Amino acid sequence: MMTRDVLLEMELEDDDDDDGDIGDVPASRRPLMAPPTLLPSSLVLENLEQTSGTLGSQQDFRTPEFEEFNGKPDSLFFNDGQRRIDFVLVYEDESRKETNKKGSNEKQRRKRQAYESNLMCDGLQLEATRSLLDDKLVFVKVHAPWEVLCTYAEIMHIKLPLKPNDLKTRSSAFDNFNWFTKVLQVDESLIKPEQEFFTAPFEKNRMNDFYIKDRDTFFNPATRSRIVYFILSRVHYQVVNNVKKFGINRLVSSGIYKAAFPLHDCNFSSPSEDLSCPNERYLLYREWAHPRSVYKKQPLDLIRKYYGEKIGIYFAWLGYYTQMLLLAAVVGVACFLYGYFNQNNCTWSKEVCDPDIGGQIIMCPQCDRLCPFWKLNITCESSKKLCIFDSFGTLIFAVFMGVWVTLFLEFWKRRQAELEYEWDTVELQQEEQARPEYEAQCTHVVINEITQEEERVPFTTWGKCIRITLCASAVFFWILLIIASVIGIIVYRLSVFIVFSAKLPKNLNGTDPIQKYLTPQTATSITASLISFIIIMILNTIYERVAIMITNFELPRTQTDYENSLTMKMFLFQFVNYYSSCFYIAFFKGKFVGYPGDPVYWLGKYRNEECDPGGCLLELTTQLTIIMGGKAIWNNIQEVLLPWIMNLIGRCRTVSGAEKITPRWEQDYHLQPMGKLGLFYEYLEMIIQFGFVTLFVASFPLAPLLALVNNILEVRVDAWKLTTQYRRMVPEKAQDIGAWQPIMQGIAILAVVTNAMIIAFTSDMIPRLVYYWSFSVPPYGDHLHYTMEGYIDNSLSFFNIADFKSKSRENPYTELGNYTTCRYRDFRYPPGHPQEYKHNIYYWHVIAAKLAFIIVMEHVIYSVKFLISYTIPDVSKSTKSKIKREKYLTQKLLRENHLKDMTKNMGAIVEKMVEVVDNNLRPKLD
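Residue positions are given per chain, counting from 1 as you read along its sequence in written order. Given that this is a predicted model, residues contribute local features only at a pLDDT of at least 70 and side-chain atom pairs are listed and counted only at 80 or more, while totals for whole chains, interfaces and linings are drawn from all residues. To obtain the side-chain values, all non-hydrogen atoms of the structure were included, while hydrogens and water were left out.

As annotated in an unreviewed UniProt entry, the protein carries the name Anoctamin and comes from Catagonus wagneri. UniProt positions are given in the numbering used here, feature names are shortened, and annotations may be inferred rather than shown by experiment. Within the UniProt record for the protein, the comment given under Sequence similarities (unreviewed entry) is "Belongs to the anoctamin family."

On to the overall build of the protein, then. Across its full length, the protein carries 27 helices and 21 strands. A 1.4 Å probe rolled over the protein chains alone gives each residue an accessible area, and that area as a share of the maximum for its type sets the label: buried under 20%, exposed over 50%, partly exposed in between. Counting across all 926 residues of the protein, residues that qualify as buried make up 52%. In the protein, the proportion of contacts linking residues at least 24 apart, taken out of those at least 6 apart, comes to 79%. The Shrake-Rupley method, run with a 1.4 Å probe sphere, supplies the accessible areas, and residue values consider only the shown protein chains as cover. In the structure as shown, the protein presents an accessible area of about 44,300 Å², 58% of it carried by carbon and sulfur atoms. Numbering of helices and strands runs from the N terminus; a helix is a DSSP stretch of H or I covering at least four residues, while a strand is a stretch of E covering at least two. Here, residues are in contact when the closest pair of their heavy atoms is within 4.5 Å.

Here we come to the environment of T762. By the element assignment, T762 lies in helix α23 (residues 740-762). Overall, T762 belongs to the buried group, its relative accessible area being 1%. Counting along the chain gives 172 residues from T762 to G590, while the straight-line C-alpha distance between them is 9.3 Å. Here a polar contact is taken to be a pair of N or O atoms separated by no more than 3.5 Å, where protein atoms must pair a possible hydrogen donor with a possible acceptor and residues adjacent in sequence count only if both atoms sit in side chains. One polar contact links the side chain of T762 to the main-chain carbonyl oxygen of A586, over a distance of 2.5 Å.

Moving on, we come to unusual backbone geometry. With an omega of 15 degrees, the peptide bond running from P778 to P779 counts as cis. One non-glycine residue, L555, lies in the positive phi region at around 60 degrees. Mapping L555 onto the fold places it in the loop between α17 (520-554) and α18 (559-587). Positive phi, close to 65 degrees, is recorded for Y837, a residue that is not glycine. Turning to its location among the elements, Y837 is positioned in the loop between β21 (821-825) and α26 (841-871). Note on Y837: relative accessible area 7%, which makes it buried.

Judged by nonpolar contacts, the single largest core of 145 residues is most densely connected at W288, W317, Y321, W404, F408, F692 and F696. Looking at this core element by element, the count peaks at 15 residues for helix α10 (residues 309-341). Those residues in contact with F408, other than ones at most four positions away along the chain, are W317, Y320, Y321, M324, F690 and M744. Here, the term nonpolar core denotes a set of buried Ala, Val, Leu, Ile, Met, Phe, Trp, Tyr and Cys residues that are joined through side-chain atoms within 4.5 Å. With 45 residues, the next largest nonpolar core counts L124, C150, Y229 and Y237 among its residues.

Moving on to the state of the cysteines. Linking two cysteines covalently via their sulfur atoms produces the bond known as a disulfide. Defined by distance alone, a disulfide is two cysteine sulfur atoms within 2.5 Å. Scanning the entire structure with this criterion turns up three disulfides. Two residues share a disulfide in this structure: C346 and C387, whose sulfurs sit 2.4 Å from each other. In this structure the cystine formed by C346 and C387 twists about its S-S bond by roughly -70 degrees; its chirality is therefore left-handed. Here C346 is found in the loop between α10 and α11 (347-353), whereas its partner C387 is found in helix α12 (residues 380-389), with 41 residues between them in sequence. In this pair, the class of C346 matches that of C387, namely buried. The side chain of C353 participates in a disulfide bridge whose partner is C380; the two sulfur atoms lie 1.9 Å from each other. In this structure, the disulfide formed by C353 and C380 twists by about 100 degrees around the S-S bond and is classed as right-handed.

In structure tokens:
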């Protein structure tokens, strides 16, 4: 057996890998790897720094043996039927591949052979089989024998079973309602509950302590795949100018291998004919991904077992979020119905639609050129719609959502702690290994402050500061680019409003359907929202690649650190990308417009746009509906149609061989790869939706209902996609949802402020309340009792047409008649007053009421949120007790086993000593 690595020595100009430094390591430094001779783990770490030999001749390569397909399509084993396939590598045979670059095929072949030879030197067993559908493709099946699994399980600190868990679970108060919830449960006759064990990090020298009934099943398929992927990611294949290149990820990205993946255990639509196959994929499809299971609870334990804890925790969080949305949706619909059935009682809307009131109010032009004078009653339909959303129910719902989001986050923390215990990830941070890309750059030696021992790091403190500065600058630049695009949309709004004002029908009798619904404001809002959505999608696609490049340059240590860093960058960008237009409409549009005689201009050219007389709330609702609906449709197209079409195209290309029986590895190869960041985008999609549901819910009470419907479908679409359209992902461990938890907490805090400001500044609720309680009755009003009558007339100020700065401001539409004044939305003194066009006392009453409302609402909700957070602990008392109890019993078990071993060894020593003494004394007695 060869006991040294095979590395190809090549000149730099002959290297065709140009994907940066990822996967490069100086020859004096290697990623964490066990020596190929599989020494005991105590000696493994002593050999990690050794430099392997360099051999480049063909005869030094160890190559896998080629075997013909044995005709068993459901087999998950080598041809001998004994060795399980833990991973599959796919490449295109260089001798049968066409190329335009002379010699490139030979270089790729030598790199692949060196890599496979080193895999075999490190203890893995390989078997190659040529494709039945495409004779250029070769499938290399990888098997990890028992010794390799044990060695790397110890290096990776993988927790494995010690003994069955005999702790009794507490009975639930809902157990009496099992007859009611049974219909929602998965069929336990098909998906049996997983047996629970006490676990401990594996150690080869304490192997007898572990619950090993069968070596073939002690390491489940998910754990075997994790271990093999750990090895594949760290094996070298080439040295260039004293720099080693390593890892399956680099080989796949450079085209040397076409794919690398673990196998699904069977076909999703039918169980395997192999009686030893657990058929977990088939069970997941039947009880989880199939449309008829849409009402059932998710089989989280089986999802975790098959796909790993990282996938499992995502679906657990998504399912819990969807359940909590049910309550928010019910309250939101109730508030919507309250506004809908009371819209006919909306006094101010009646005044707008009344021909004798709204029909007699002439409004000032909203732009400098071409915009006409217009009658207030043309906004009748929009005012009726506004009554639905701008009602007292909106205030109640905003307060409720501030409490709801806190309840959701606190109860999710408790649920997450339960899953950490059940899935044995409580101490996961101690197990996680450094990324191979990080290890590759560890060339600087520093002294650890705690251990006072030397350790290697990729860069000095100064170098780390430079990297952080450059990364932060890049992120800041892209955020500025997003802000620039938002300004472009604002300029579009200002420009196109003039065009719509001139081109739309001028008939003001209110009977034309186009005139009735498609006002210049509505047309501008809808087109700007659509353009904003398109720009969001384009910039999102570009920034994804930029964010990955920045995070790769930043070089986080572990995969968790990498994903958290990428998460923060992507969300910061997406926050500005998706929410900037909503923030503009809610808090800036129509707030700084001046008055007709002295308007405010953008860039000295474009007049700032105004809101409808009822405010910008309806436009904000339109913006949210378009972005949420468009985003949901777009994501479903990407998630469902795109992989389905790609797989369909792949099947059409191989239709000539469709009659052949193909093996499992070839069927999986023609599925779509998930990608390492596939789950990241699923989280991002849901968190962006979470922001829409919480940040702007005061303007759209139906947002939780839309999110609920979308998420019910999202769970099953994601499940269908994973089980039917994608290759099996490498199972990964995860303790929690990572950086998404603090992001949601930040959104929850910000949501209180945004909803309070939407009610105060975007809606017209506070001015109406001030009028009702103060200005409808003496000394400011003329009514004898509190009423909303006269509110519209009171909320619109007068302007003298003769005071227009531009003399060309003459009425171009003679059908309106000759008027000397027009009205505009503001609280200012009329012309002729000593303080004409200055803010009146009504304005200052409204401002004071708005500020008081924001302060009171924020303090009340924040107080309730703090009280809820303090009252509900992150980890339940029962879960804490279980964790402590299991830890105690595990330590006790290990200690007892250690004492038994010592006693057994001491007994053997005593027996030998007695035997020796007896042998020495017997001759003397004789």
